There are 2 protein chains.
Amino acid sequence: MELKLITKQQAQPPFYVGVDLGGTNIKAGVTDDRGQVLWVGQEPTLVERGPEDGARRIGALIRRAIQEAGLRPEEVAGVGLGSPGTMDIPGGRLMVPANLKGWEYFPIRDRVSEHCGMPVTFANDATAAAFGEKWVGAGQRFHSLILLTLGTGIGCGIIVGDLLLDGEHSHGGEYGHTVIDCRPDARSCSCGRRGHFEAYASATAVTKRAQEALAAGRVSMLSRRLAEGAKLEPKLIAEMAEAGDELSRQLILETAEYLGIGIVNLMHTIDPNGILIGGAMTFGGKESRIGRIFLERVKQEVFLRAYPAVGDTTEIDFATLGGNAGFIGAAGIARLEKLKKS
Amino acid sequence: MELKLITKQQAQPPFYVGVDLGGTNIKAGVTDDRGQVLWVGQEPTLVERGPEDGARRIGALIRRAIQEAGLRPEEVAGVGLGSPGTMDIPGGRLMVPANLKGWEYFPIRDRVSEHCGMPVTFANDATAAAFGEKWVGAGQRFHSLILLTLGTGIGCGIIVGDLLLDGEHSHGGEYGHTVIDCRPDARSCSCGRRGHFEAYASATAVTKRAQEALAAGRVSMLSRRLAEGAKLEPKLIAEMAEAGDELSRQLILETAEYLGIGIVNLMHTIDPNGILIGGAMTFGGKESRIGRIFLERVKQEVFLRAYPAVGDTTEIDFATLGGNAGFIGAAGIARLEKLKKS
């Protein structure tokens with residue numbers, strides 16, 4: 001997703017800085033009051049250096065972002081930091097984030113705040129991404145929306161009006177770990193439990209089903225590519241599906257059906273205006289024929305399973321901000337907090 | 001659940017009237033500003049007489065409630081009406097309520113308002129019951145809570161702070177119809193779809209499993225009671241479980257396990273402070289040994305399946321207001337709307 005940057009002259013003050021902290025990279029950017037981006041940059045997280053070093057570098061990245069955007073610190077009305085869970089949002093602390101080993105229980109909000117010299121608003125990264133889509137992405141037309149981020153796992157951010165559904169223990173939207181198959185022999189999830197949505201509709205799940213089919217002797221164009229050294233991942237499966245491989249097409253349609261089940265469960269619980277699908281595993285998204293077929297199959301499954309009152313009215317679409325949703329949403333959440341206070 | 005009434009002298013003005021419209025009865029009551037009840041009464045719904053007649057009688061019941069409570073109409077600050085779905089809450093209309101045949105698409109809010117001469121706040125009955133528990137029942141200690149009402153189906157009301165999670169199409173909390181078994185041979189739900197939570201943990205589901213076990217030749221004390229003309233229902237199963245029947249005990253424990261699965265899914269999506277279990281099918285509730293064993297088994301399943309961050313912190317308990325939760329909550333929602341406006 002290419003981001004169109006604006007200049008300070010085109011911008012609507014005041015300005016906000018958003019940071020998206022991930023296990024691999026820290027991405028930061030500056031937005032104006034409308035969510036338009038003036039500058040974006042990133043640097044490696046370097047998890048192994050520990051959280052004190054990380055907080056120091058995040059603080060420096062924030063100061064750099066402000067400078068590169070041509071702003072003075074006093075023109076910045078807020079800083080937002082999105083972080084992977086588990087976390088304690090009101091307490092500003094990490095808890096046990098799976099992708100930040102060694103950073104456990106670190107008071108990251110206040111440490112980053114000390115290093116950048118400004119108050120920091122703390123948010124869950126999936127919620128921040130959902131908020132970004134609502135602010136300036138595919139979710140602008142929705143009062144409430146849910147963003148499902150398909151990757152190694154399944155992220156979920158839920159926004160109802162101005163409410164971020166963080167949950168009372170900062171555990172809202174751990175939706176990848178809800179049961180869609182309650183039988184004792186259901187598929188194992190990466191978390192060690194069984195039958196979770198994530199064990200059926202994530203990249204990990206698709207890859208595992210492909211492996212199982214090939215191990216069972218299923219003929220597929222995938223086999224030759226693997227023999228040539230290709231990596232078994234959704235991208236390869238999408239490529240082979242495009243080339244006409246039946247197994248690959250079947251795996252993609254099956255994944256869409258499981259995704260549809262998870263989406264209907266959300267519609268029957270939260271009933272948002274829209275549900276957006278983002279993340280690395282969208283089989284090419286709207287720009288790709290396979291991606292569009294994937295989305296259509298998701299909608300077919302929803303058509304089949306949902307009550308008409310929601311099934312015929314709730315929009316299902318791809319997210320549009322890609323990897324930028326997180327920092328834009330973090331900036332937007334900082335803005336929301338400021339507006340709520342004033 | 002016996003309700004303790006207060007006198008006008010003991011009350012804290014202003015006053016509210018709440019109405020709980022059901023397929024069998026219309027229940028109405030008057031509360032003070034703290035949710036204490038001054039008067040409660042009910043009359044049969046008489047669905048077959050149609051919605052115009054119903055609205056007229058609801059209006060008359062509201063006027064009677066005010067009079068019986070010893071109040072003048074101007075001392076009443078709001079009237080709340082809880083109704084079964086499907087419905088259009090912002091529009092004040094019924095849609096296709098399963099238990100009110102012939103009342104489809106009726107503008108009940110405004111018609112009741114005309115008949116009682118006061119503005120009426122319209123709410124979903126399950127949400128109203130949840131709000132009642134939060135206002136004066138078992139949910140008072142929670143910022144956010146979910147009430148699951150176990151009966152023929154499973155009702156679900158979700159409250160997050162001051163937000164009633166009605167959904168964008170008045171379809172929030174249709175949680176009984178979320179999939180917990182996605183396989184093609186999953187149990188059939190009353191709605192015609194398969195694998196729904198309600199098809200595993202409602203009274204209908206328990207009765208069906210009992211029938212299947214008996215039909216398969218399972219020896220049980222239930223058989224003799226059925227031969228004597230008893231009706232196969234959760235009440236009988238609870239009674240036989242108390243008397244030591246193994247099948248009955250097993251059915252109750254299994255039901256608790258399915259309920260636990262549905263509860264964990266809610267914890268991993270909404271993450272409330274508490275989840276309350278109410279309705280007719282609580283196997284006697286807290287006052288009964290079987291009811292307490294049922295609740296403990298629910299908690300055991302949650303202990304097994306939930307992430308510790310929520311599993312070890314979220315309270316699970318029986319609701320306490322019983323059949324009074326609906327009208328009290330409807331009154332409370334009218335009060336909430338008034339407070340939000342002022």
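Cut-offs and rules
- Residues numbered from 1 in each chain as written.
- Chains lettered and ligands numbered in written order.
- Predicted model: local features only at pLDDT ≥ 70, side-chain atom pairs only at ≥ 80, totals over all residues.
- Heavy atoms only, no water.
- Helix = DSSP H or I, 4+ residues; strand = E, 2+ residues; numbered from the N terminus.
- Polar contact = N/O pair within 3.5 Å; in protein donor to acceptor, adjacent residues only side chain to side chain.
- Contact = heavy atoms within 4.5 Å.
- Domains from an automatic or database assignment.
- Buried area = accessible area lost by both parts, 1.4 Å probe.
- Salt bridge = Lys/Arg side-chain N within 4 Å of Asp/Glu carboxyl O.
- Nonpolar A, V, L, I, M, F, W, Y, C, P; charged D, E, K, R; others polar.
- Axes fitted to C-alpha atoms, helices over the stretch in contact; angles between N-to-C directions.
- Parallel < 35°, antiparallel > 145°, perpendicular 65-115°, else oblique.
- Left-handed = near helix turned anticlockwise from the far one by under 90°.
- Pairing = 2+ DSSP bridges.
- Phe/Tyr/Trp six-rings, centres within 6.5 Å; stacked < 30°, edge-to-face > 60°.
- Buried < 20%, exposed > 50% of the residue type's maximum accessible area, 1.4 Å probe, protein only.

**Observations concerning the side chain of Arg109(B)**
All names here are of chain B. One can find Arg-109 in helix 2 (residues 108–116). A polar contact of 3.1 Å, which involves the side chain of Arg-109, links it to the backbone oxygen of Pro-90. Filtering out sequence-adjacent residues up to four positions away, Arg-109 remains in contact with Ile-89, Pro-90, Gly-91, Gly-92, Val-120 and Phe-122.

**Some points on the domain arrangement of chain A**
Interface size, as often reported, equals the accessible area lost upon joining of the parts. Residues and elements named next belong to chain A. For chain A, the domain assignment lists domain 1 (8–133 + 323–341) and domain 2 (141–319). Taken together, the 14 residues of domain 1 in the interface contact 13 residues of domain 2. Interface area, domain 1 with domain 2, both sides summed: about 1,200 Å², of which 67% is carbon and sulfur. Taken together, domain 1 and domain 2 are joined by zero salt bridges. Applying the counting rule to domain 1 against domain 2 returns two residue pairs in polar contact (both at pLDDT 80 or more). Within the residue set of the side of domain 1 that touches domain 2, elements represented by two or more residues are strand 5 (87–88), helix 3 (125–136) and helix 11 (325–341). The element contributing the most residues to the side of domain 1 that touches domain 2 is helix 3, with six residues. Looking at side-chain class alone, the side of domain 1 that touches domain 2 contains nine nonpolar, two polar and three charged residues.

**Focus on the packing of helix 5 (residues 203–215) of chain A against helix 8 (residues 246–267) of chain A**
Residue and element names in this part refer to chain A. The geometry of helix 5 relative to helix 8 is characterised by a closest axis approach of 10 Å and an angle of 140° between their N-to-C directions. One way to sum up the angle between helix 5 and helix 8 is to call them oblique. Here helix 5 runs over helix 8; the crossing is right-handed. For the pair formed by helix 5 and helix 8, the contact residues are Val-206, Arg-209, Ala-210, Ala-213 and Leu-214 on the first element and Leu-247, Leu-251, Glu-254, Thr-255 and Tyr-258 on the second. Of the residues contributing to the contact of helix 5 with helix 8, the split by class is seven nonpolar, one polar and two charged.

**A few points about the sheet that holds strand 2 (residues 25–31) of chain A**
All names here are of chain A. Spatially, the five strands line up as an open sheet ordered 3-2-1-4-7, and their pairing is mixed. With one partner strand each, in any of the chains shown, strand 3 (37–44) and strand 7 (120–124) form the two edges of the open sheet. For this sheet the average axis-to-axis angle between neighbouring strands, irrespective of direction, equals 20°. In the sheet, strand 1 (residues 15–21) pairs with strand 4 (residues 76–83) via six bridges, with the strands oriented parallel. Following the sheet pairing, Asp-20 is matched in strand 4 by Gly-82. On the sheet, helix 1 (residues 51–68) packs against strand 1, strand 2, strand 3 and strand 4 and is oriented at approximately 150° with respect to strand 3. Where helix 11 meets the sheet, its contacts fall on strand 1, strand 2, strand 3, strand 4 and strand 7, and the angle it forms with strand 1 comes to roughly 130°.

**Some details on the packing of aromatic side chains**
All names here are of chain A. Following the criterion strictly, the structure yields six aromatic pairs over all chains and no others. Geometrically, the ring pair formed by Tyr-200 and Tyr-258 is tilted, given 5.0 Å between the ring centres and 55° between the ring planes. Placement of the pair is Tyr-200 in helix 4 (residues 198–201) and Tyr-258 in helix 8, with a sequence separation of 58 residues. We classify Tyr-200 as buried; its relative accessible area is 4%.

**Examining the interface of chain A and chain B**
Contacts between the two partners involve 48 residues from chain A, matched on the other side by 48 residues from chain B. Carbon and sulfur atoms supply 51% of the area that chain A and chain B bury against each other, a total of about 3,900 Å² over both sides. Applying the counting rule to chain A against chain B returns four salt bridges. Measuring nitrogen to oxygen at the nearest pair gives 2.9 Å for the salt bridge that ties Arg183(B) to Asp185(A). On inspection of chain A and its partner chain B, the count reaches 36 residue pairs in polar contact (both at pLDDT 80 or more).

**Comments concerning the environment of Tyr175(A)**
Within the element layout of this structure, Tyr175(A) appears in the loop between strand 10 (163–164) and helix 4. Residues Tyr175(A) and Asp317(A), spaced 142 residues apart in sequence, show a C-alpha to C-alpha distance of 18 Å. Those residues within four positions of Tyr175(A) in sequence are excluded, and the remaining contacts are Leu148(A), Cys156(A), Phe197(A), Gly262(A), Asn265(A), Leu266(A), His268(B) and Thr269(B). Within polar-contact distance, the side chain of Tyr175(A) engages the backbone oxygen of Gly262(A) at 2.7 Å.

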